[in-house]
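Here is what each chain is made of, one letter per residue.
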Amino acid sequence: MKLQLDNPPPNPYLSTDDQLRLEDAQTAGSNLARRLSTRSRDLRNCPVRTEFLRRRSEREAVPPMMTMLGSGGGRGGDVRLKLYLSLLWASPGGEHDTEFVATDWARLLGLPRYSTNGKRRVYEALNWLTVYSFIEKQKRPGLPSTVVILHESGSGEPYSKPSSHTAKGGKPTYRRLQSAWWTNAWLAALSGRALAFWLVLMDESNNGTKTEAVWLSESQTLKKYAISPYLRQRAMRELRHFGLITTRRQLTREAFGVTSSRTRISLHLDALDQPPLARLD
């Protein structure tokens, strides 16, 4: 058996021009966290049901997360996924609703020109999420619409806390996305595909509690989460670049001299404690 350490990619993902945008996003995330603290005592993370991440059966073509992101992880899907998860995080109590303006969401997501083009992209994402039954918009004359969160499956059913449906001592039906993705602007810095694969790693590692490295083959990633090898490779490269994961290729000799390669993924949750720009210094 031989271990080979993967080298981090040489090309940076953020230019110096991104610093102000990420600083604005971090300020927006911290402000939102303080405001939400009056509605819920626990803002440490955002619960996400596993049925949002995984195929619920072999017959299901694509799970809700990849329906939202899109097979290529393009810009429209990027905003949809980030916005929906932000709405989940920002709706911790009561009727699971929010009433914030689109410009604020655009700033939180780190969208360029958040007061014009960024706001438009948020409206487009909200319309898509409404059509596909992930949210419900309630118009208020002269005021921002109230956005009510619906079930992560896209069934149109009312949303409820995942923890309220987990039997005592039973297996959790959800994973957790750390609040640092908003308060430290990680959501604004990384792509939607990197965010999606991080959630996959949260699923595979039981929220990062497993001490051993994660092994998840390309075929299993495709079969279980509908994430293509191409998308997986780009997401892993990005997560490695920012120090959120490290990978090792493990070469294993099988019968009759056949050698196979497995990629082991180690998660570094403590890296989220610093803003992404600090990780690039």
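Remember, it's a predicted structure, so these values are computed and weren't measured experimentally.

### Re the packing of helix α4 (residues 75–89) against helix α9 (residues 192–204)
- At their nearest, the axes of α4 and α9 sit 9 Å apart, and the two run at 50° to each other. Taken as axis vectors, α4 and α9 run oblique relative to one another. Where α4 abuts α9, its residues Asp78, Leu81, Lys82 and Leu85 lie against Gly192, Leu195, Ala196 and Leu199.
- Among the residues forming the contact of α4 with α9, the class breakdown is five nonpolar, one polar and two charged.

### Observations regarding the pairing of strand β6 (residues 174–178)
- Taken across its five residues, β6 has four buried, putting it largely inside the fold.
- Here strand β2 (residues 45–49) pairs with β6 via five bridges, running antiparallel. Bridge assignment links cysteine 46 to a residue of β6, and that residue is leucine 177.

### Some words on the environment of leucine 177
- Structurally, the position occupied by leucine 177 is in strand β6.
- Owing to a relative accessible area of 0%, leucine 177 belongs among the buried residues under this scheme.
- For the pair leucine 177 and cysteine 46, spaced 131 residues apart in sequence, the C-alpha to C-alpha distance is 4.9 Å.
- Not counting residues up to four positions away in its chain, the partners in contact with leucine 177 are Asn45, Cys46, Leu85, Trp182, Leu195, Trp198 and Leu199.

### Points about the nonpolar core
- Ranked by internal contacts, the top residues of the largest apolar core, which has 75 residues, are Phe52, Leu85, Trp181 and Trp198.
- Among the elements that make up this core, the one with the highest residue count is α9 (nine residues).
- Setting aside residues no more than four positions away along its own chain, leucine 85 makes contact with Cys46, Val48, Phe52, Leu177, Trp182, Leu195 and Leu199.

### A short note on the packing of aromatic side chains
- Tallied over the full model, the rule gives eight aromatic pairs.
- Both rings, one in tryptophan 128 and one in phenylalanine 134, keep their centres 6.0 Å apart while their planes meet at 10°; by these two values the pair is stacked.
- Overall, tryptophan 128 belongs to the buried group, its relative accessible area being 15%.
- For phenylalanine 134, a relative accessible area of 3% corresponds to the buried category.
- Note on tryptophan 181 and tryptophan 198: the rings are 6.0 Å apart at their centroids and 55° apart in plane angle, and the pair reads as tilted. Of this pair, tryptophan 181 sits in helix α7 (residues 180–183) while tryptophan 198 sits in helix α9, and the two are 17 residues apart along the sequence. Each member of the pair tryptophan 181 and tryptophan 198 is classed as buried.
- An aromatic cluster is present here, built from Phe52, Tyr84, Trp128, Tyr132 and Phe134 joined pairwise through their rings.
- Seen from the ring of tryptophan 128, arginine 80 lies directly overhead, with NZ or CZ sitting 4.4 Å from the centre.

### A word on the sheet that holds strand β3 (residues 97–98)
- Pairing is antiparallel in the open sheet, where three strands are placed in the order β3-β5-β4. The open sheet has two edge strands with one neighbour each: β3 and β4 (135–140).
- Two strands pair when backbone bridges link them, and β4 and strand β5 (residues 143–149) are joined in this way by five bridges, in the antiparallel orientation. Its bridge partner being in β5, glutamine 138 is matched across the sheet by threonine 146.

### Describing helix α6 (residues 117–131)
- Taking 1.5 Å of rise per residue, the 15 residues of α6 would be expected to cover 21 Å, and the 21 Å separating its terminal C-alpha atoms lies within 8% of that figure.
- Looking only at α6, the buried set comprises Asn117, Gly118, Arg121, Val122, Ala125, Leu126, Trp128 and Leu129.
- Looking at the buried residues of α6, the elements they touch are α3 (64–69), α4, α5 (102–108), β4 and β5.
- Following α6 by one or two positions, serine 133 adopts a phi angle in the positive range, close to 65°.

### A look at the packing of α4 against α6
- Where α4 contacts α6, the axes come no closer than 9 Å and their chain directions differ by 75°. Relative to α6, α4 is oriented roughly perpendicular. Contacts from Arg75, Val79, Arg80, Leu83, Tyr84 and Leu87 of α4 reach α6 at Asn117, Arg121, Val122, Ala125, Leu126, Trp128 and Leu129.
- Along the lines of polarity and charge, the residues of the contact of α4 with α6 split into nine nonpolar, one polar and three charged.

Reading the values: rules and limits
Residues numbered from 1 in each chain as written. Predicted model: local features only at pLDDT ≥ 70, side-chain atom pairs only at ≥ 80, totals over all residues. Heavy atoms only, no water. Axes fitted to C-alpha atoms, helices over the stretch in contact; angles between N-to-C directions. Helix = DSSP H or I, 4+ residues; strand = E, 2+ residues; numbered from the N terminus. Parallel < 35°, antiparallel > 145°, perpendicular 65-115°, else oblique. Contact = heavy atoms within 4.5 Å. Nonpolar A, V, L, I, M, F, W, Y, C, P; charged D, E, K, R; others polar. Buried < 20%, exposed > 50% of the residue type's maximum accessible area, 1.4 Å probe, protein only. Pairing = 2+ DSSP bridges. Core = buried A, V, L, I, M, F, W, Y, C linked by side-chain atoms within 4.5 Å. Phe/Tyr/Trp six-rings, centres within 6.5 Å; stacked < 30°, edge-to-face > 60°. Lys NZ or Arg CZ within 6 Å of the ring centre and 35° of its normal. Expected span 1.5 Å × (residues − 1).

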